[in-house]
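# Reading the structure
Chain by chain, the residues run as shown.
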Amino acid sequence: MRLAYEAIDSTGRRRKGELDADDPDAAREMLAERGLGVLAIRPLREARRRGVSGDELSYLAADLARLSRAGIPLAFGMRTLAQGQARHLRSALEATAARLEAGSGIGVAIRESFGERAHVLTAMAEAGEATGQLAACLDLAARYHASRAEFRRKLVSAAVYPAIVLALTAASLGVFFLLVLPRIETALADAPSLPALTSGLLAFGRVMNEWGGLIGALLLAIPLVLIMVPRLRAAALSWLDRALLGPAGLGIVRNSMASAFCSTFAVMLSSGIAVPSALASAARAVPSPAFRASIDAVIPAVRDGVPLADAFAGIAHLPPVIVRLARLAEESGRLADCMSEAGTLLDRRARERADLLGSLAPTGFLLFAGLVIGTVVAAIFLGLGAIADFGL
């Protein structure tokens, strides 16, 4: 079980942290072995722990890289870094330091303390620990998390204005269909015939008045069901993951995942790790489960001697440029350099597409809203024109 503790060390300084133990008595024994006198110990509810952000992971990775280069023990450095941090980050740093002091590796300590959100940092720390290139791997993790955080901010910023436009448009149309359109339909009831556009608008209005409440309730129920049923949520997330790697992701997600994979793969190769092991480590640094699974699936073939380019060619989620550069690397013997170049190229492509989406999305949503409202207005005026034509 996970426990939070407060203790005093041999200098009289108070220490707080977290650790895993079978029960509080076992935790007290573990703390006593570290020379700590326990003041308080209690079970920790993991569900209440707040996750760390991408920026926080980037700063943490950069700080750990500096500590590693300076030769400062990471456990001591993490306790120093924890001072003055927000509560959730301080707790995770102290828990990581406690695990390091208990003999855990840096990768395991980070994974158990920070959770799934830090899986890229965990994978890079494990790779760095295995190769003796910890500082370099942590630097790569810092750049990755900083890049992803910036990328996420850019996408959110691009989505805010269209979301506001859509919300206002939906609210306006809702008021129109519920309150205004029924009056217009009454006024047009005596017309012998109405234009097709007007008839379609009135029919749609009747459907919305009759079934709109049920449709709205279903739309609200879907996310609630996904939250309450883990299997359905996992299935939905898996489907979304695969969809975003395809055309629905506009190439942004696929290029971003592939960039993370190639950059990590290049570092692993530069550290002297064999290709199959480097593939496995690089796959763990990719956030997408579907992408990771596709890389893991070809590792046995690579171990059996299948050329890397041929193995890559069978991965649907992998951009073709990686296959081409892998074939070039087979001829030149510079696989690490080629994969590093692929990572840089794909990262640039992902950013360019994200920038393009950010510039086009607001205009596209405005045009869509204008088209919907214009269609409604045209249908009303055509109906009024029909009344005038028949002298009603």
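This section reports on the structure supplied with the text. Only a predicted model underlies this, so the values are computations on that prediction, with no experimental measurement involved.

We now examine the nonpolar core. Counting 80 residues, the largest nonpolar core has Phe114, Phe261, Phe265, Phe312, Ile322 and Met339 as its most contacted members. Of all the elements, helix α10 (residues 252-270) adds the most residues to this core, at 10 residues. Contacts of Phe261, omitting those with residues within four sequence positions, involve Leu279, Ala282, Ala283, Val286, Phe291, Ile295 and Phe312. One finds Phe176, Leu181, Ile184 and Leu202 within the second-largest nonpolar core, a separate group that totals 12 residues.

Further remarks concern the state of the cysteines. Per the stated rule, a full pass over the model turns up 0 disulfides. The structure places no disulfide on Cys137, whose sulfur is separated from the nearest cysteine sulfur, that of Cys262, by 16 Å. We classify Cys137 as buried; its relative accessible area is 0%. As a non-bridged cysteine, Cys262 has Cys338 as the owner of its nearest cysteine sulfur, 11 Å distant.

Another point: the packing of helix α2 (residues 54-70) against helix α7 (residues 134-187). When two helices pack together, their arrangement is captured by the angle between the axes and the distance separating the axes. Viewed as axis vectors pointing N to C, α2 and α7 meet at an angle of 160°, and their least axial separation amounts to 8 Å. One way to sum up the angle between α2 and α7 is to call them roughly antiparallel. Helix-helix and strand crossings are classified by hand; for α2 and α7 the assignment is left-handed. Each of Gly54, Asp55, Leu57, Ser58, Ala61, Ala62, Leu64, Ala65, Ser68 and Arg69 in α2 lies in contact with α7, whose residues at this interface are Leu134, Ala135, Leu138, Asp139, Ala141, Ala142, His145, Ala146, Ala149 and Arg153. Residue classes in the contact of α2 with α7 are distributed as 12 nonpolar, 4 polar and 4 charged.

A surface patch of positive charge is lined by Arg324, Arg348, Arg349 and Arg353. Mapping Arg353 onto the fold places it in helix α15 (residues 335-389).

Across all of its chains, the model carries 10 salt bridges by this definition. A salt bridge links Asp139 to Arg69; the shortest N-O distance between them is 1.9 Å. Remark: Arg69 occurs in helix α2 and Asp139 occurs in helix α7; sequence separation between them is 70 residues. Since its relative accessible area comes to 52%, Arg69 is described here as exposed. Note that Glu112 and Arg99 form a salt bridge whose closest N and O atoms lie 2.8 Å from each other. In this pair, Glu112 sits in helix α5 (residues 106-114) while Arg99 sits in helix α4 (residues 87-101), placing the two residues 13 residues apart along the sequence. A residue is classified by how much of its surface remains accessible, and Glu112, at 38% relative accessible area, is partly exposed. Classification of Arg99 as buried rests on a relative accessible area of 6%.

Tracing the backbone shows Leu279 in helix α11 (residues 275-284). Accessibility expressed as a relative area gives 0% for Leu279, which makes it buried. Sequence separation between Leu279 and Leu39 is 240 residues; the distance between their C-alpha atoms is 46 Å. Not counting residues within four places of it along the chain, the set of residues in contact with Leu279 comprises Phe261, Phe265, Ile295, Ile299, Val302, Leu308 and Phe312.

A separate point is the packing of aromatic side chains. Within this structure, the stated rule accounts for 6 aromatic pairs. For the ring pair Phe265 and Phe312, a centre distance of 6.5 Å and an interplane angle of 75° mean the geometry is edge-to-face. Remark: Phe312 occurs in helix α13 (residues 308-313) and Phe265 occurs in helix α10; sequence separation between them is 47 residues. Judged on exposure class, the residue Phe265 and its partner Phe312 are both buried. Here the aromatic residues Phe261, Phe265, Phe291 and Phe312 are joined through ring pairs into a cluster of three or more.

Once that is clear, we can look at a nonpolar patch on the surface. Side chains of Val207, Trp211, Leu214, Ile215, Leu218, Leu219 and Ile222 sit close together on the surface and give an oily, nonpolar patch of about 670 Å² of accessible area. By the secondary structure assignment, Leu219 is in helix α8 (residues 196-228).

The next subject is the side chain of His317. As for its placement among the helices and strands, His317 is situated in the loop between α13 and α14 (320-332). Contacts of His317, omitting those with residues within four sequence positions, involve Leu245, Arg254, Ala290, Phe291 and Ser294.

Quick notes on the rules
Residues numbered from 1 in each chain as written. Predicted model: local features only at pLDDT ≥ 70, side-chain atom pairs only at ≥ 80, totals over all residues. Heavy atoms only, no water. Core = buried A, V, L, I, M, F, W, Y, C linked by side-chain atoms within 4.5 Å. Buried < 20%, exposed > 50% of the residue type's maximum accessible area, 1.4 Å probe, protein only. Helix = DSSP H or I, 4+ residues; strand = E, 2+ residues; numbered from the N terminus. Contact = heavy atoms within 4.5 Å. Disulfide = S-S within 2.5 Å. Axes fitted to C-alpha atoms, helices over the stretch in contact; angles between N-to-C directions. Parallel < 35°, antiparallel > 145°, perpendicular 65-115°, else oblique. Left-handed = near helix turned anticlockwise from the far one by under 90°. Nonpolar A, V, L, I, M, F, W, Y, C, P; charged D, E, K, R; others polar. Patch = residues over 30% accessible without salt bridge, like charges linked within 9 Å, V, L, I, M, F, W, Y side chains within 5 Å. Areas by Shrake-Rupley, 256 points an atom, 1.4 Å probe, with all protein chains shown as cover. Salt bridge = Lys/Arg side-chain N within 4 Å of Asp/Glu carboxyl O. Lys, Arg positive; Asp, Glu negative; His and termini not counted. Charge placed at Lys NZ, Arg CZ, Asp CG, Glu CD. Phe/Tyr/Trp six-rings, centres within 6.5 Å; stacked < 30°, edge-to-face > 60°.

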